[in-house]
Each structure stands twice: as structure tokens, then as C-alpha cells.
Amino acid sequence: AQRVTQPEKLLSVFKGAPVELKCNYSYSGSPELFWYVQYSRQRLQLLLRHISRESIKGFTADLNKGETSFHLKKPFAQEEDSAMYYCALTTSGTYKYIFGTGTRLKVLA
Amino acid sequence: DGGITQSPKYLFRKEGQNVTLSCEQNLNHDAMYWYRQDPGQGLRLIYYSQIVNDFQKGDIAEGYSVSREKKESFPLTVTSAQKNPTAFYLCASSTRTSGRTGELFFGEGSRLTVL
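Counting from 1, residues in each chain are numbered in the order their sequence is written. Written order determines the labels here, with chains lettered from A and ligands numbered from 1. Local features in this predicted model are restricted to residues of pLDDT 70 or higher, and side-chain atom pairs are both shown and tallied only at a pLDDT of 80 or more, whereas totals for entire chains, interfaces and linings draw on every residue. For side-chain calculations, the full set of non-hydrogen atoms in the structure is used, while hydrogens and water are omitted.

**Q** Lay out the overall build of chain B in plain terms, naming residues and giving numbers.
**A** Only runs of H or I of at least four residues qualify as helices and only runs of E of at least two qualify as strands under DSSP, and these elements are numbered from the N terminus. Along the backbone of chain B there are zero helices and 13 strands. The secondary structure elements of chain B, listed N-terminal to C-terminal, are β-β-β-β-β-β-β-β-β-β-β-β-β. We compute the radius of gyration over the C-alpha atoms and compare it with the globule rule, which gives 2.2 Å times the number of residues raised to the power 0.38. Here the C-alpha atoms of chain B give a radius of gyration of 14 Å, agreeing with the 13 Å that 2.2 N^0.38 yields for 115 residues. Principal-axis analysis of the C-alpha atoms gives chain B an extent of 45 × 30 × 30 Å. Buried residues in chain B amount to 50% of all 115 residues. Using the Shrake-Rupley algorithm and a 1.4 Å probe, accessible areas are obtained, with residue cover drawn only from the displayed protein chains. Total accessible area computed for chain B in this model is approximately 5600 Å², and 46% of it derives from carbon and sulfur atoms. Think of it this way: Lys and Arg go in the positive column, Asp and Glu in the negative one, and His and the chain ends go nowhere. Charge placement uses NZ in Lys and CZ in Arg. For Asp and Glu, CG and CD serve respectively. For chain B, the separation between the mean place of its 13 positive charges and that of its 12 negative charges on side chains is 4 Å. Working definition: with a 1.4 Å probe on protein chains only, accessible area under 20% of the residue-type maximum means buried, over 50% means exposed, and in between means partly exposed.

**Q** Could you give an account of the pattern of salt bridges, naming the residues involved and the relevant values?
**A** For this document, the term salt bridge refers to a Lys or Arg side-chain nitrogen within 4 Å of an Asp or Glu carboxyl oxygen. The tally for this structure, following the rule as stated, stands at nine salt bridges over all chains. Between D59(B) and K96(A) there is a salt bridge, with the nearest N and O atoms lying 3.9 Å from each other. Here D59(B), found in the loop between β6 (54-57) and β7 (64-66), pairs with K96(A), found in the loop between β9 (83-91) and β10 (97-99), and the two come from separate chains. Accessibility expressed as a relative area gives 52% for D59(B), which makes it exposed.

**Q** So, the interface of chain A and chain B: which residues are in play, and what are the values?
**A** Residue contacts are defined here by distance: any two heavy atoms, one from each residue, within 4.5 Å place the two residues in contact. Tallying the contact residues gives 21 residues for chain A and 25 residues for chain B. In this assembly, chain A packs against chain B so that about 2100 Å² is buried in total across both faces, 55% of it on carbon and sulfur atoms. Buried area, as used here, totals the accessible surface that two parts lose on assembly, with accessibility defined by a 1.4 Å probe and the loss added over both. When the buried area of chain A at its contact with chain B is split by residue, R43(A), Y95(A) and Y97(A) rank highest and sum to 37% of it. Where chain A touches chain B, the interface holds two salt bridges. A per-element tally of the side of chain A that touches chain B places strand β5 (residues 31-38) of chain A first, with four residues. Each residue is assigned to one class: nonpolar for Ala, Val, Leu, Ile, Met, Phe, Trp, Tyr, Cys and Pro, charged for Asp, Glu, Lys and Arg, and polar for all the others, Gly among them. Along the lines of polarity and charge, the residues of the side of chain A that touches chain B split into ten nonpolar, six polar and five charged.

**Q** Quick rundown of the sheet that holds strand β8 (residues 72-74) of chain A? Include the residues and the values.
**A** Whether two strands pair comes down to DSSP finding at least two bridges between them. Read across the sheet, three strands follow the order β3-β8-β7 (chain A) without closing on themselves; strand pairing throughout is antiparallel. With one partner strand each, in any of the chains shown, β3 (19-21) and β7 (60-61) of chain A form the two edges of the open sheet.

**Q** Provide a residue-level description of the nonpolar core, including the pertinent values.
**A** Nine residue types can take part in a nonpolar core, namely buried Ala, Val, Leu, Ile, Met, Phe, Trp, Tyr and Cys, and a core is a set of them joined through side-chain atoms within 4.5 Å. Ranked by internal contacts, the top residues of the largest apolar core, which has 46 residues, are W35(A), Y36(A), Y85(A), F99(A), Y33(B), Y35(B) and F106(B). Per-element accounting of this core gives the leading share, seven residues, to β9(A). V19(B), W34(B), Y47(B) and V66(B) belong to the second largest nonpolar core, which has 20 residues in total.

**Q** Help me get a handle on the pairing of β9(A), residues and values and all.
**A** A regular strand places its side chains on the two faces of the sheet in alternate fashion. All names here are of chain A. In terms of burial, β9 is largely enclosed, as nine of its nine residues are buried. Of the two faces of β9, both are covered, the one formed by A83, Y85, C87, L89 and T91 as well as the one formed by M84, Y86, A88 and T90. Examined bridge by bridge, β5 and β9 share eight bridges and lie antiparallel to one another. Across the sheet, the residue bridging to Q38 is M84, located in β9. The pairing of β9 with strand β11 (residues 103-108) spans three bridges and is classified as antiparallel. Note on β11: the bridge partner recorded for M84 is R104. Across three bridges, the pairing between β9 and β10 is antiparallel.

**Q** Give me a nonpolar patch on the surface: which residues, what numbers.
**A** Residues enter patches when they are more than 30% accessible in relative terms and free of salt bridges; like-charged ones are connected within 9 Å and nonpolar ones (Val, Leu, Ile, Met, Phe, Trp, Tyr) within 5 Å. On the surface, a cluster of nonpolar side chains totalling about 410 Å² of accessible area is made up of Y10(B), F12(B) and L115(B). Looking at the element boundaries, L115(B) is found in the segment after β13 (110-114).

**Q** Could you give an account of the packing of aromatic side chains, naming the residues involved and the relevant values?
**A** Residues and elements named next belong to chain B. Within 6.5 Å between ring centres, the rings of Phe, Tyr and Trp (the latter by its six-membered ring) count as paired, and their orientation is classed by plane angle as stacked under 30 degrees, edge-to-face over 60, tilted in between. Following the criterion strictly, the structure yields 16 aromatic pairs over all chains and no others. Taking the centre distance of 5.9 Å and the plane angle of 70 degrees together, the rings of Y64 and Y89 count as edge-to-face. Linking Y64 in strand β7 with Y89 in strand β9 (residues 87-94), this pair joins segments that are 25 residues apart in sequence. By relative accessible area, which is 6% here, Y64 ends up buried. Of the residues examined, Y89 reaches a relative accessible area of 0% and is grouped as buried.

So far we have only geometry, and geometry alone does not tell us how the molecule works.
So this is what it looks like as C-alpha cells:
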């Protein structure tokens, strides 16, 4: 069965410090990995996906199939990055979408 | 204005009553989803539908039912069999491009409280 694990419920960092939100997954096939973000009083929205290999709002994430990880990174955190972040997985050939338990990021001034 | 519309935003129900949450999309997406969001548990998949007149159980389908009679609509019924129905419910939709499942678009959510 597919599973997404986000080990940290809360991550607090100071403004300007590097950020890494961890995500590990279990799936035997070829997964598609995503990061979604929910800012205060806003809808859950896509941040980035592994197939795009792009940087959004300074965030990047690399799919490591050997370690089955898809950690989200940003070199210098900003206060506006404070939000709830969810890692998600979908599998090739299906529409099934599984989410992790989420990590709340707090960026302190 | 395109998107996902959920209603109602807030709903109160007495124990033993069924309640139906509405979800409508005008994005022409094939797939629609229902998730339950609880603090510390993330988003858990209740049901999803890839096409009209077809749907699959997610990880926590017990006590819930759905229908998909129209592409635009995917209502969720929380039945009296659901033991802990008080929660925040999110509806979403997506499509596929080049064989890959695309981005999920979410509604604003419906908060159900059982009294």
C-alpha cells in the first residue's frame, strides 16, 4: 500500500535560516510526488511537483528513489513561508492521491 | 469564476442523522475527491471518482457514501454509521495530462459538527 510519512508536526526556524521539510514515501512502482501548501485562511494549493524540477517561491524538492524521499528545501526562510505543508503521492495509471500528515512551518522574526 | 464550490461551509447535525455535503466543479475535470482533515492526521482520503458513475473507496470510507451522476458534482453523505463524524471535509478535483495525474484543486471546505 502507498504511504507518505512526514515525521515533523512542527518546524520552527528563524528568518533567513535554511529550511528542510522531510517527506518519505513507500510505493513499489513509479510514484509522482507533490508538495501542497496551505497558508492561513487560504485554500490548499499546489507548491511544486517532482516532474517539473522547478523552484517555486525559492523552494525545491528532489525525488530520491534510493531513499524514497522527497524533502522540501529552501536556503533562506521568509516570514511569509509560515504555513502548513503537505507531501502527496499519486501512482502511475491511477487518480488515487495520498497525503502525509503535514508539517507546520513557523518562521520566526 | 472557475473552481470548486463546497456547501455548506458550516453544518451542525444531531447524532443519528445523515447529512450530505455538496461539491461542484466547473473545471471540466474528470476526477473528484473527498478528504477528511483532522488536526495531526493530515488529509485522509474518503472516496474518489475517476469518471461519471464510478467511484472507489479511499482509506477511511466506512460510514460515508458518495455518488457521481454528473461530471460536475460529487456529493458526500456522512451517515449515522460514521462513529466520529465531526471534522473538516475537503473536496478536490483533478485531470490527467499526458497520462499523468495533474494538480489537485481544492474547495474551501465544509466543517461538520455533530452535537
